[in-house]
Amino acid sequence: MAKVQLVLNAGSSSLKFQVFLDDGADVPNRIYRGLFEGLGTDPHFKVKDHDGATVGEQRWAGQTAFGFEEALAYLSDWLGAHRGGHQLAAVGHRVVHGGPHYTHAVELTPAIINELDTLSPLAPLHQPKSLEPIRIIARRVPGLPQVAAFDTAFHRTQPELAQMFAIPQSMTDAGVKRYGFHGLSYAYLATQFPKVDPRLAKGRVVAAHLGNGASLCAYDAARSIATTMGFSALDGLVMGTRSGSIDPGVVFYLQREMGMSAEEAEHFLYTKCGLIGVSGLSNDMRVLRERCETDAGARRAIDLFVYRINREFGSLVAALRGIDALVFTAGIGENDAETRAEVIRAAAWAGFELDPEANRAGATRITRGTGPQAYVIPTDEEWTIVREMRQVLSHTQVQVPSA
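Residues numbered from 1 in each chain as written. Predicted model: local features only at pLDDT ≥ 70, side-chain atom pairs only at ≥ 80, totals over all residues. Heavy atoms only, no water.

1. Brief notes about the sheet that holds strand S1 (residues 3-10)
Item 1. Judged by pairing direction, the sheet is mixed, and its 8 strands sit side by side in the order S5-S4-S3-S2-S1-S6-S8-S7 without closing on themselves. With partners counted over all chains shown, the strands left at the sheet margins are strand S5 (54-59) and strand S7 (106-107), one partner each.
Item 2. Where S1 and strand S6 (residues 87-95) come together, 6 bridges link them in parallel fashion. Note that in S6 the partner of Gln-5 across the bridge is Ala-90.
Item 3. Running at roughly 125 degrees to S1, helix H15 (residues 381-394) makes contact with S1, strand S2 (15-21), S6, S7 and strand S8 (146-150) of the sheet. (Pairing = 2+ DSSP bridges. Helix = DSSP H or I, 4+ residues; strand = E, 2+ residues; numbered from the N terminus. Contact = heavy atoms within 4.5 Å. Axes fitted to C-alpha atoms, helices over the stretch in contact; angles between N-to-C directions.)

2. Things to note about the sheet that holds strand S9 (residues 204-210)
Item 1. Read from one edge to the other, the open sheet built from 5 strands follows the order S11-S10-S9-S12-S13, with strand pairing classed as mixed. Looking along the sheet, the strands with just one partner apiece sit at the ends: strand S11 (223-227) and strand S13 (373-376). Taking the axes of each pair of neighbouring strands and ignoring which way they run, one obtains an average angle of 25 degrees across the sheet.
Item 2. The strands that helix H13 (residues 337-346) touches are S9, strand S12 (325-329) and S13; relative to S12, the one it contacts most, it runs at about 160 degrees.

3. A few points about the packing of helix H11 (residues 296-320) against H13
Item 1. Running from N to C, H11 and H13 cross one another at 50 degrees; their axes reach a closest spacing of 10 Å. In terms of axis orientation, H11 runs oblique to H13. The handedness of the crossing between H11 and H13 is right-handed. Residues Arg-299, Ile-302, Phe-305, Val-306, Ile-309 and Asn-310 of H11 lie in contact with H13, whose contacting residues are Thr-339, Glu-342, Val-343 and Ala-346.
Item 2. Counted by class, the contact of H11 with H13 contains 6 nonpolar, 2 polar and 2 charged residues. (Parallel < 35°, antiparallel > 145°, perpendicular 65-115°, else oblique. Left-handed = near helix turned anticlockwise from the far one by under 90°. Nonpolar A, V, L, I, M, F, W, Y, C, P; charged D, E, K, R; others polar.)

4. Considerations on the pattern of salt bridges
Pairing is possible between side chains that carry opposite charge, provided their charged atoms lie close to one another.
Item 1. For the coordinates displayed, the defined rule picks out 16 salt bridges.
Item 2. For the salt bridge of Asp-324 with Arg-204, the shortest nitrogen-to-oxygen distance reads 3.3 Å. Separated by 120 residues along the polypeptide, Asp-324 in the loop between H11 and S12 and Arg-204 in strand S9 bring together distant segments of the chain.
Item 3. One continuous salt-bridge network, built from bridges that share partners, spans Arg-289, Arg-299, Asp-303, Asp-336 and Glu-342. (Salt bridge = Lys/Arg side-chain N within 4 Å of Asp/Glu carboxyl O.)

5. Topic: the nonpolar core
Item 1. Ranked by internal contacts, the top residues of the largest apolar core, which has 44 residues, are Leu-210, Phe-305, Phe-313, Leu-326, Phe-328 and Phe-352.
Item 2. The greatest single-element share of this core, amounting to 10 residues, is contributed by H11.
Item 3. If we skip the residues at most four places from it in the chain, Phe-328 touches Ala-208, Leu-210, Gly-333, Arg-340, Val-343, Ile-344, Ile-366, Ala-374, Tyr-375, Val-376 and Ile-377.
Item 4. Core analysis: the second largest hydrophobic core is formed by 27 residues, Leu-15, Leu-21, Phe-66 and Trp-78 among them. (Core = buried A, V, L, I, M, F, W, Y, C linked by side-chain atoms within 4.5 Å. Buried < 20%, exposed > 50% of the residue type's maximum accessible area, 1.4 Å probe, protein only.)

All we've got here are geometric facts, nothing functional implied.
Below, the structure written as structure tokens:
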């Protein structure tokens, strides 16, 4: 029977997945992609085939007990009915934090899973969710190979100074440093640079991963040299519900003057700030765009989002000592032409000239002129995960169980 590989990308209330043929091809052959969303509230399952046609959809309205366990059981049954006799060979996972030691994808063992769990304080909203499906599968299908690919790994090429805080060296050695995130997305973009424009692979590029989570990454010859997220995924740009960079004194103020505990302050900065905090309306850029002409809070949130992007963009251009290209990706970056236009117009000082028609049409290149160029490149974290998983398993002798 033909084997398939499953890739899972767990969020706080969602589970994205892709299914690839394990056929040894250099380019992974995807046969399904889909997601569960609304887990714990109103679960919704949807899956599409290789051509983008919807081949499965199900809703469980109001089933608050429907979480990762139930989603994985349903996905297993669905694949069993639709994969035409294929055998599940391995599962790859996005794990947000690899800490200072995990700089490449790794096959998971109970000891490694436990070690990754010790990193949960570094990504409290993400790491436990990354590990939950891993533990469920290990229990349901013992012996099935599972591989973790890390969002932090791509940034380990950064110079030492770019990873440091101005703290005692003993704390740096203990792991308090800038890690950076969205690395699986940035790694994917690096593989696409030569296809879009060969100069991207050799030049100085800033990529903007703009979604509910948002960050920028500076590439020199397709290697990360700086990024806006640091010790945690709370740092850097304004995000959907996260504050982004904030004076540490604000945290002390929240605790001392507003009576918040450390846990309450952490929850507040991760879930009540960003676009939703500034606007008082929504963390969804689509909603803010619809309302920004009449709602001052929506307009203020958008303006701050763009301002912080361009301020951090300037810092990364300084780190690169120049700029050849800007790349937009992820939900807002790929789909919101107005945000792209506002960012590019604010970056005119660096030589960017917006092509309004190309931008509105969603073209790959959305600037004109002889200066640096801006591009839109859709990301695919799951594609990166399956490539890294194959590299790991190709060097590992495994017994593949039936599933």
